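Coordinate inspection notes
Now for the letters of each chain:
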Amino acid sequence: MDFSLSNEEVAFRGQVRAWVSANVPCDYGSAGWPEPLEDRERYRVMREWTQKLYDGGWAGVTWPKEYGGRGATPVEQFLFLEEIATYRTPGPISVIGVGMVGPTIMAFGRGDQKEAHLRKILSGEQIWCQGFSEPDAGSDLAALKTTAVLDGDHYVVNGQKIWTSFGPIADWCLLQVRTDTAVAKHKGLSCLLVDMRSPGIEVRPIRQITGDAEFSELFFTNLRVPRSNLLGQENDGWRVAISTLMHERVNIAALVYTQIRRDLREVVALTKRTQHRGRPLSAVPEVRQRLVRAYSVVESLRLSNLRMRAGTTAADDPGPIGSIFKLIWATTNQALLELPVDLLGPYAELLDGPDGGRAGSGLWLKRYFRSLGNSIEGGTSEILRNIIAERVLGLGRAPTRDTARVAK
Ligand SMILES: Cc1cc2nc3c(=O)[nH]c(=O)nc-3n(C[C@H](O)[C@H](O)[C@H](O)COP(=O)(O)OP(=O)(O)OC[C@H]3O[C@@H](n4cnc5c(N)ncnc54)[C@H](O)[C@@H]3O)c2cc1C
């Protein structure tokens, strides 16, 4: 396959480069954005960056122009992410909205729902969270127990969600609920668009090992959701969920790939400037081997991303390749971030490390801790291996528990 860029793609990349170099604030520049920040300040910085992306027309690179997007191709979106990753910018605050909820509303929403949400997702005016997982329904998502019972023009919702990323700051939630308890578990689900400011919702932030409270538990007690906020058909929520999860795996994979590439560059720089027994760490054979191993995988992710994206549109089904990506980026990111922690030892947790306290030196441990969740979020590695065994290798269905969450 020819991986060279077309003339249009080269011109597009030039356009991105010009915008990025003029608009990434100097304090996010290649010297690193100002981590660590406490939650409120981090969200402020992320909001500011999202607004900048929106004003520049870069908030929804592949989103159709009619919804405020740029209407670019998936390959162009990838080029955009690669350019952004030359800087340590904060993530966009609307990552769930833009990467997962927006595309789901485009696919299943009525005109008035698209009108009410899509542009506001791009501008960061509406922060969304994804209310899928429950204490007893993660990999087996269809086992979820949160119920929604119709009462006149409203659904009355009772139950609990957990691990809801952005829950503490979200304005809206894409909520999976059970609307029919008498049918097979996949058949009784529905998807609701829920205003997080409604009475009957309690948000309890969960503090992680990193120190951040990125996600939360959500408790619903007689929450009333207008019937008009049903997304798609009643009892067709499973199809809606599959669509969201498919977008999650592909869109988040591209974003994370570019972060891994940036981390690799920084780890390489760290090993060059950190001395060990009179020579740089980069001269130690085991370090070199681990770096080269990581580089080989990162490069194959780059090419696979381009291969998957070439000739497709944002709406195309990527098939099981999304699962392969997710599995590979999660394991690669963990292996890569383990390296600086191994190399720096106790210094990995200090802001002023042995490398003179330059960008990121004290954040390696935090980044490593965060990477531990990579093999769980968006489908665990075990589930992804099951999918690859079943759908790519044709080995038949795994004999154990239901693999429902990631059936696509
Ligand atoms: C950082 C992070 C962010 C998240 N954000 C969100 C969010 O925004 N919204 C949301 O809804 N959820 C979110 N989640 C939750 C995530 O989707 C679930 O944690 C995940 O689906 C796994 O479910 P579980 O935790 O219930 O584990 P379980 O499904 O109970 O799995 C426990 C273990 O058993 C293994 N296992 C389960 N079934 C099988 C099987 N059939 N074969 C082999 N092994 C199996 C799993 O691989 C895992 O190791 C997030 C999780 C993390 C870590």
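Residues numbered from 1 in each chain as written. Predicted model: local features only at pLDDT ≥ 70, side-chain atom pairs only at ≥ 80, totals over all residues. Heavy atoms only, no water.

The next subject is helix α3 (residues 74–84). The buried fraction of α3 is high, at eleven of eleven residues. For α3, every residue scored as buried is listed here: P74, V75, E76, Q77, F78, L79, F80, L81, E82, E83 and I84. Close packing links the buried residues of α3 with α1 (7–23), α2 (39–55), α6 (237–273) and α7 (285–309). (Buried < 20%, exposed > 50% of the residue type's maximum accessible area, 1.4 Å probe, protein only. Helix = DSSP H or I, 4+ residues; strand = E, 2+ residues; numbered from the N terminus. Contact = heavy atoms within 4.5 Å.)

In this section: the nonpolar core. Of all hydrophobic cores here, the largest spans 85 residues; its most connected members are W58, F80, I105, W128, F166, L174 and L231. Sort the elements by how many residues they give to this core and α6 lands first, with 16 residues. For I105, the residues in contact, after removing those within four places along its chain, are Q113, K114, H117, L118, I121, W128, L193 and L231. Core analysis: the next-biggest nonpolar cluster, separate from the first, contains 17 residues, Y155, C173, L192 and V194 among them. (Core = buried A, V, L, I, M, F, W, Y, C linked by side-chain atoms within 4.5 Å.)

Our focus in this paragraph is the side chain of Q176. Inspection of the secondary structure assignment puts Q176 in strand β4 (residues 172–178). According to the relative accessible area criterion, Q176 is buried, its value standing at 1%. Filtering out sequence-adjacent residues up to four positions away, Q176 remains in contact with G131, F132, L144, K161, L189, S190, C191, G237, V240 and A241.

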